[in-house]
Amino acid sequence: MWFPFFRGLKYCKPRSFAFFPKKIRSQTAYIHIFRGMAQPPISLTNEELFEEVTQDHGPRLKDLNGLDCMYKSDAEKAIASHHKFPGIIHTLPEIHYDFFENNLFEAFADKRSNKYFIAISVSVSLILFDLFHRMLSHPGVFKNIGNATEEEEYVSPTGRYNLELIPAMTSFKAPKNADRCTYAGHITRLAMRYIFEHEFSHILFGHVDYHLSNSLTLLDYQTLEMDADCTAIARFSNLQMDLVEMNNAPEFQKFLYRDYHQAICDLVFAIYTTYLVFGDGDFKNIPGSSSHPEPRIRQLMALMTFEKIAQINSTKLQWGQLSHDIGETIGDAEKAYHLITGATFNPEPFNPEFYAKNPLPQTLLDNWALKVRKGLHRYTYKELAP
Ligand SMILES: [Zn+2]
């Protein structure tokens, strides 16, 4: 069992999926000169502003399917309830969540006319939906979910996942067992919610405004991504535990919220696997060499964040047992990903020796504490971590 490799590692404080867009050309410069006179600002609709935000990525998706409507509704409910979050300093301006059309795995947050926009490529939901349903349709993994013996072994036609909606994915594969199918849909929904929460963190903690008003280095961007990952995980973990406590899920979904450990492990599965879509990357990169920490580094820091969450919620989460359960979950996730893509798991980043020799996680934490945190102060809507 390889999971304990990261146990005992020094915890890294929670810090940040977004792909920050290019700096916007103009925020409110809609003043046109006509016949020598300044004209009033043109009032654009939210849809028109969204189209402007995504103009380099693709047009707004006009007809959402039922699932995308559900993901959008989840996001809008979270936005509407933000003022109930602990540590909120002041009310956020309007935030709009919507989808745009292209075949790349893209999501980002941006600002126009003092409104925020969270833009998700429709390919994100299609790729994640395909990935989790294909995983659960193999009898060799997640044997504790539903009746796995109803599934048939297969050799995946996908070859591999990457950051593009590849044509092979049109051969959609769904689990035969009803509970496994429900579970795959549930994990997809969690992954979509996580991507929203990550982008929401970029807004909530002032990253978007900080980015728009300052000249940032690649190390600063990596630091903001780490912060968005970790703060999103912290907020989403609390939500999952609240759902277990309320115990009011519909009957057919009750098995999804039977205990705290299951709810957290499902979240780990959704987040950890979403990072897998980005591949291994060059996880030995030097600090500041790209806009995001490498996927394996993001997984490592996410797992350390879950350890911290367990420490904070020790009455609900027993880390000894939870770390074992998480190990089983990500072991199954890696095995399923290998079965459908052929990708082999490299556990090196989870080994303390790797961690000791590679400064990226600590460099990000130091950059957050010494520079970025100070810069975020004037933009954040929520108290920053100490
Ligand atoms: Zn991000």
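Because the structure is predicted, anything quoted here is derived from the model rather than measured.

A word on the overall build of the protein chain
Logical step 1: Scanning the protein chain from N- to C-terminus turns up 11 helices and 5 strands.
Logical step 2: Counting the 386 residues in the protein chain, one finds 42% classified as buried.

As for the pairing of strand E4 (residues 107-112)
Logical step 1: For E4 and strand E5 (residues 115-121), the ladder comprises 6 bridges, and the chain directions are antiparallel. Each residue of the ladder has a partner; that of Arg-112, found in E5, is Lys-115.

Overview of the sheet that holds strand E3 (residues 95-100)
Logical step 1: Across the sheet, 3 strands lie side by side as E3-E5-E4; this open sheet has mixed pairing. Here the strands that pair on one side only, and so sit at the sheet edges, are E3 and E4. Within the sheet, the average angular offset between the axes of one strand and its neighbour, ignoring direction, is 25°.
Logical step 2: Helix-sheet contacts for helix H1 (residues 46-53) involve E3, E4 and E5, and the interaxial angle to E5 is about 60°.
Logical step 3: In this fold helix H3 (residues 122-136) packs onto E3, E4 and E5, with an angle of close to 45° to the strand it touches most, E5.

Examining the environment of Arg-60
Logical step 1: By secondary structure assignment, the location of Arg-60 is in the loop between H1 and helix H2 (66-80).
Logical step 2: In this structure Arg-60 touches Glu-47, Phe-50, Glu-51, Thr-54, Asp-98 and Phe-100, once residues within four positions along its chain are discounted.

Let's talk about the nonpolar core
Logical step 1: The biggest cluster of nonpolar side chains holds 86 residues, and the ones touching the most others in it are Ile-118, Ile-264, Val-268, Ile-271, Tyr-272 and Phe-306.
Logical step 2: Setting aside residues no more than four positions away along its own chain, Ile-264 makes contact with Ser-237, Gln-240, Phe-306, Leu-317 and Leu-322.

Overview of the packing of helix H4 (residues 178-204) against helix H6 (residues 218-246)
Logical step 1: The contact between H4 and H6 brings their axes to 8 Å, and the two run at 120°. Put simply, H4 runs oblique to H6. Note on packing geometry: the crossing formed by H4 with H6 is right-handed. Here Arg-193, Tyr-194, Glu-197, His-198, Ser-201 and His-202 of H4 lie close against H6, whose contacting residues are Asp-227, Ala-228, Asp-229, Thr-231, Ala-232, Arg-235 and Phe-236.
Logical step 2: For the contact of H4 with H6, the residue count by class is 4 nonpolar, 4 polar and 5 charged.

Some remarks on helix H11 (residues 360-376)
Logical step 1: Counted at 1.5 Å a residue, the expected span for H11 with its 17 residues is 24 Å, but the 21 Å between its end C-alpha atoms falls short.
Logical step 2: Helix geometry: H11 is bent most strongly at Trp-368, by close to 50°.
Logical step 3: Listing the buried residues of H11 in full gives Leu-360, Pro-361, Leu-364, Asn-367, Trp-368 and Val-372.
Logical step 4: Of the surrounding secondary structure, the elements contacted by the buried residues of H11 are H6, helix H8 (295-312) and helix H10 (352-357).

Side note on the packing of H4 against helix H7 (residues 260-276)
Logical step 1: Contact geometry for H4 and H7: axes closest at 9 Å, N-to-C directions at 65°. When the interaxial angle is binned, H4 and H7 end up roughly perpendicular. Considering only the axes of H4 and H7, their crossing is right-handed. Along its contact with H4, which presents His-186, Ile-187, Leu-190, Ala-191 and Tyr-194, the element H7 presents Asp-266, Leu-267, Phe-269, Ala-270, Ile-271 and Thr-274.
Logical step 2: The residue inventory of the contact of H4 with H7, partitioned by class, reads 8 nonpolar, 2 polar and 1 charged.

Considering unusual backbone geometry
Logical step 1: For Phe-142, which is not glycine, the phi dihedral falls at a positive 50°.
Logical step 2: Position of Phe-142 relative to the elements: it lies in the loop between H3 and H4.
Logical step 3: Among the residues examined, Phe-142 registers 24 C-beta atoms within 10 Å and is labelled buried.
Logical step 4: Phi at Asn-247 is positive, roughly 50°, even though this residue is not glycine.
Logical step 5: Structurally, the position occupied by Asn-247 is in the loop between H6 and H7.

Re the pairing of E3
Logical step 1: Within E3, 5 of the 6 residues are buried, which leaves the element mostly enclosed by the surrounding structure.
Logical step 2: Both E3 and E5 contribute to a ladder of 6 bridges, which runs parallel. Residue pairing for E5: Ile-95 is matched across the bridge by Tyr-116.

With respect to H2
Logical step 1: When the terminal C-alpha atoms of H2 are compared, their 21 Å separation across 15 residues agrees well with the 21 Å that a helix rising 1.5 Å per residue should span.
Logical step 2: Buried within H2 we find Asp-68, Tyr-71, Lys-72 and Ala-75. The buried residues of H2 occupy an angular sector of 95° when projected down its axis, which confines them to one face. Opposite the buried face of H2, by more than 90 degrees, sit the exposed residues Gly-66, Cys-69, Ser-73, Lys-77 and Ala-80.
Logical step 3: Buried positions along H2 lie against E3, E5, H3 and H4.

Concerning the environment of Ser-125
Logical step 1: Locating Ser-125 in the fold gives a position in helix H3.
Logical step 2: Its 23 C-beta neighbours within 10 Å are what place Ser-125 among the buried residues.
Logical step 3: Spatially, the C-alpha atoms of Ser-125 and Asp-68 are 7.4 Å apart, while their sequence positions differ by 57 residues.

Observations concerning the confidence of the model for the protein chain
The predicted coordinates should not be examined in detail at positions where pLDDT is low.
Logical step 1: Considering every residue of the protein chain, the mean pLDDT works out to 83; 82% of them sit at 70 or more.
Logical step 2: Least confident of the elements in the protein chain is strand E1 (residues 33-34), whose mean pLDDT is 32; most confident is E3, at 97.
Logical step 3: The low-confidence segment residues 1-40 (pLDDT under 50) makes 86 contacts with residues lying over four places distant or belonging to another chain.

The rules behind these values
- Every chain is numbered on its own, with residues counted from 1 as its sequence reads.
- Restriction of local features to residues with pLDDT of at least 70 applies here, the model being predicted, together with a cutoff of 80 or more for giving and counting side-chain atom pairs; totals for whole chains, interfaces and linings are based on all residues.
- Strands here mean DSSP runs of E at least two residues long; helices mean DSSP runs of H or I at least four residues long; both are numbered from the N terminus.
- Remark: C-beta atoms are placed from the backbone, and a residue is labelled buried if 20 or more other C-beta atoms sit within 10 Å of its own, exposed if 12 or fewer do, or partly exposed between those counts.
- Only strands that DSSP links by at least two bridges are regarded as paired with each other.
- All axes are obtained by fitting lines to C-alpha atoms, using only the stretch in contact for helices, and the reported angles, taken between N-to-C directions, cover 0 to 180 degrees.
- Each residue is represented by a C-beta atom placed from its backbone, and any two residues with such atoms within 7 Å are regarded as in contact.
- Think of a nonpolar core as buried Ala, Val, Leu, Ile, Met, Phe, Trp, Tyr and Cys residues chained together by C-beta atoms that fall within 7 Å.
- Oblique is the label for every angle not falling under 35 degrees (roughly parallel), over 145 degrees (roughly antiparallel), or within 65 to 115 degrees (roughly perpendicular).
- In this scheme the handedness of a crossing depends on how the near helix is turned from the far one: anticlockwise by less than a right angle means left-handed, clockwise means right-handed.
- Each residue is assigned to one of three groups, with Ala, Val, Leu, Ile, Met, Phe, Trp, Tyr, Cys and Pro labelled nonpolar, Asp, Glu, Lys and Arg labelled charged, and all others, Gly among them, labelled polar.
- Helix span is expected to be 1.5 Å times the residue number reduced by one.
- What we call the bend at a residue is the angle made by axes fitted to the seven residues finishing there and the seven residues starting there.
- As used here, the arc is the angular range of directions from the helix axis to the C-beta atoms.
- Residue-level confidence of the predictor is summarised by pLDDT, bounded by 0 at the bottom and 100 at the top.

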